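Structural overview
Chain by chain, the residues run as shown.
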Amino acid sequence: VQLVESGGGLVQAGGSLTLSCAASGSPFSILNMGWYRQAPGKQRELVAKITSAGGTINYSDSVKGRFTISRDNAKNTLYLHMNSLKPEDTAVYYCLARHYLTMKTHYDYWGQGTQVTVSS
């Protein structure tokens, strides 16, 4: 599975950005997907995740109510709509694809990341 993120950039606090993650190499509709981020000096953390059919969505408490994860299985693309951005949202954002082989076994695939910088 190959993942390519886009849409990052510099935005002022309170602004909005939409990230995209284009997937190839595997049927997109069977993949559970997620967005993670990593700020300088910090561990990578989950931002939001969505199951293969989009039936279950989870957000970290820090972005709940401001960010929306969605997917278009016809376009093989995952999205992260980010509103009311704060300086603490500044990080490299990574797309994750998780392919479950069994209920207990899965492979994870990561994109190269896209930088989001929020100025105060």
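Since we're looking at a predicted model, the values are computed, not measured.

One pass over the full model with this rule turns up five salt bridges. Arg-37 is the salt-bridge partner of Asp-89, the closest N and O atoms lying 2.9 Å from each other. Taken as a pair, Asp-89 in the loop between β8 (77-82) and β9 (91-100) and Arg-37 in strand β4 (residues 32-38) lie far apart in primary sequence, 52 residues in all. As far as the burial class goes, Asp-89 and Arg-37 line up, both buried. Across the pair Arg-98 and Asp-108 runs a salt bridge whose closest N-O atoms are separated by 2.7 Å. Residue Arg-98 is found in strand β9, and its partner Asp-108 is found in strand β10 (residues 106-110); the two are separated by ten residues along the sequence.

Let us now look at the state of the cysteines. Applying the stated criterion across every chain yields a total of one disulfide. Two residues share a disulfide in this structure: Cys-21 and Cys-95, whose sulfurs sit 2.1 Å from each other. Disulfide Cys-21-Cys-95: the torsion about the S-S bond is -80 degrees, which places it as left-handed. In this pair, Cys-21 is assigned in strand β3 (residues 17-24) and Cys-95 in strand β9, connecting sequence segments 74 residues apart. Exposure remark for Cys-95: the relative accessible area of 0% places this residue in the buried category.

The rules we used
- Residues numbered from 1 in each chain as written.
- Predicted model: local features only at pLDDT ≥ 70, side-chain atom pairs only at ≥ 80, totals over all residues.
- Heavy atoms only, no water.
- Salt bridge = Lys/Arg side-chain N within 4 Å of Asp/Glu carboxyl O.
- Helix = DSSP H or I, 4+ residues; strand = E, 2+ residues; numbered from the N terminus.
- Buried < 20%, exposed > 50% of the residue type's maximum accessible area, 1.4 Å probe, protein only.
- Disulfide = S-S within 2.5 Å.

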